[in-house]
Amino acid sequence: MFTIKHAAERVGITTATLRAWERRYGVIAPHRSESGYRLYGERDVAVLRSMKHLVDQGWAVGLAAAEAIRLDREQPEHLPTTEARDGGSHTQPSPGLARRLTVAAAALDTGDLAAVLDEVFALSSFETVMTDHVFPALEELGDAWADGRVSVAGEHLASNAVMRRLAVAYEAAAAHGHGPRVVLGLAPGTRHEIGLLAFAVAARRRGLDTDYLGADLPIDDWVGVAGDPALAAVVLAIPTTADIPATTTVITALRDHRPDLVVAVGGAQQSQAPEPAARLGHDIAAGAKTLAAMISQR
């Protein structure tokens, strides 16, 4: 069982919003402790997260509440379950997603790829879907490419399909980004964008004013971007070992040019980044929260 604070954190809303949804729409009915405090179960959190997902997709709040209640009553298996991991809310991984993504990529079947992605992005919040479902599936897709089960064309087809989803999510999150300015991009020669663009979406949804510059950005351009006094932070990624030297050079140049600037890094090889770059970890929701906290402390 969870307190209202912990339940709200798991759902990704404020306690005030949780109380309002409970009071106005009757979406859940929490238990009470002997002392009278609200206590929420896994099912309550799942219903609330389903409602939040619908609201994030543009549903009116009242309609979203009614649909979440209907799903809970009629099709409870369609609602995500939650589990504590890394201090956040997550859904159980979809064991068939990686296989279906790989099969569709191997067959160069764009229709199937779209159907798989439609299904998985409807499971939960953007951050949870990426961390618990899409990233693991893409890792398995990479393994399938490495052992010859998927062609280069198939791997590119699937990756580009995911990138298009991320681009849409990034634009949709623009309304949230009114906070400190953050620039995100990749060092010269670095081209694996999915993880960094997903983080850019999460950071924007967290309220940061993000500019995504993309892959293979020259060092002179990085230094030029850092000249903006309104810039609060720069985020890079180190997806592979081959990307370590170029990213190190960018971080060093940024440190020399703007010692006050927050510089953070993600990606599989982030542990190899030089000081003083901050490591954001592998959970994009937690990383966005960390980055926002670092900026506010400055």
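Just so we're clear, the structure is a prediction, and the values are computed from it rather than from any experiment.

Membership of the largest hydrophobic core comes to 53 residues, with the highest contact counts inside it found for Phe 126, Met 130, Leu 166, Phe 199, Val 235 and Leu 291. Excluding residues within four positions of it along the chain, Leu 291 makes contact with Val 182, Phe 199, Leu 208, Ala 233, Val 235, Val 262, Ala 264 and Leu 280. Leu 18, Val 27, Ile 28 and Leu 48 belong to the second-largest nonpolar core, a separate cluster that totals 20 residues.

The next thing to look at is the sheet that holds strand 9 (residues 278-279). One open sheet accounts for five strands, arranged 6-5-7-8-9; its pairing is parallel. The two strands at the open ends of the sheet, each matched to only one other strand, are strand 6 (209-214) and strand 9. As paired elements, strand 5 (residues 181-185) and strand 7 (residues 231-237) share four bridges and run parallel to each other. Bridging from a neighbouring strand, Arg 181 pairs with Leu 231 of strand 7. In the packing of helix 12 (residues 284-297) onto the sheet, contacts are made with strand 5, strand 7, strand 8 (262-266) and strand 9, and the angle to strand 7 comes to roughly 145°.

Using the criterion set out here, one finds one aromatic pair in the structure. Ring geometry for Phe 121 and Phe 126: centres 6.5 Å apart, planes at 25°, overall stacked.

Mean pLDDT over the protein chain stands at 86; residues scoring 70 or higher make up 91%. Between residues 77-93, whose pLDDT stays under 50, and residues either more than four places distant or in other chains, the model counts 51 contacts.

Looking now at the packing of helix 8 (residues 152-172) against helix 9 (residues 194-205). Between helix 8 and helix 9, whose axes approach to 9 Å, the crossing angle comes to 20°. Comparing the axis directions of helix 8 and helix 9 gives the class roughly parallel. In the crossing of helix 8 with helix 9, the sense of the turn from one axis to the other is left-handed. Of the residues in helix 9, those touching helix 8 at Ser 159, Val 162, Met 163, Leu 166, Ala 167, Ala 169, Tyr 170 and Glu 171 are Ile 194, Leu 197, Ala 198, Ala 200, Val 201 and Arg 204. For the contact of helix 8 with helix 9, the per-class residue count stands at 11 nonpolar, one polar and two charged.

Rules used throughout
Counting starts from 1 at the beginning of each chain's written sequence and moves along it residue by residue. Local features are withheld for residues below a pLDDT of 70 in this predicted model, meaning they are given only at 70 or higher, and side-chain atom pairs are given and counted only at 80 or more; totals for whole chains, interfaces and linings count all residues. In computing side-chain values, all of the structure's heavy atoms are included and hydrogens and water are not. We call a set of buried Ala, Val, Leu, Ile, Met, Phe, Trp, Tyr and Cys residues a nonpolar core when their side-chain atoms join them within 4.5 Å. Burial here depends on accessible area, computed with a 1.4 Å probe over protein chains only, as a share of the maximum for the residue type. Under 20% is buried, over 50% is exposed, and the range in between is partly exposed. For this analysis, residues touch if any pair of their heavy atoms sits within 4.5 Å. Paired strands, as defined in this entry, are two strands with at least two bridges between them according to DSSP. Each helix corresponds to a stretch of at least 4 residues labelled H or I by DSSP, and each strand to a stretch of at least 2 residues labelled E; elements are numbered beginning at the N terminus. Only the stretch in contact is used when a helix axis is fitted, and all axes are lines through C-alpha atoms; the angle between N-to-C directions ranges over 0 to 180 degrees. What counts as a ring pair is set by centres within 6.5 Å for rings of Phe, Tyr and Trp (its six-membered ring), and what kind of pair is set by the plane angle: stacked under 30 degrees, edge-to-face over 60, tilted for all other angles. The pLDDT value expresses, per residue, how confident the predictor is, ranging between 0 and 100. Orientation is classified from the angle alone, with under 35 degrees giving roughly parallel, over 145 giving roughly antiparallel, 65 to 115 giving roughly perpendicular, and any other angle giving oblique. Crossings are assigned a handedness: left-handed for a near helix turned anticlockwise from the far helix by less than a right angle, right-handed for a clockwise turn. For this classification, the nonpolar set comprises Ala, Val, Leu, Ile, Met, Phe, Trp, Tyr, Cys and Pro, the charged set comprises Asp, Glu, Lys and Arg, and every other residue, Gly included, is treated as polar.

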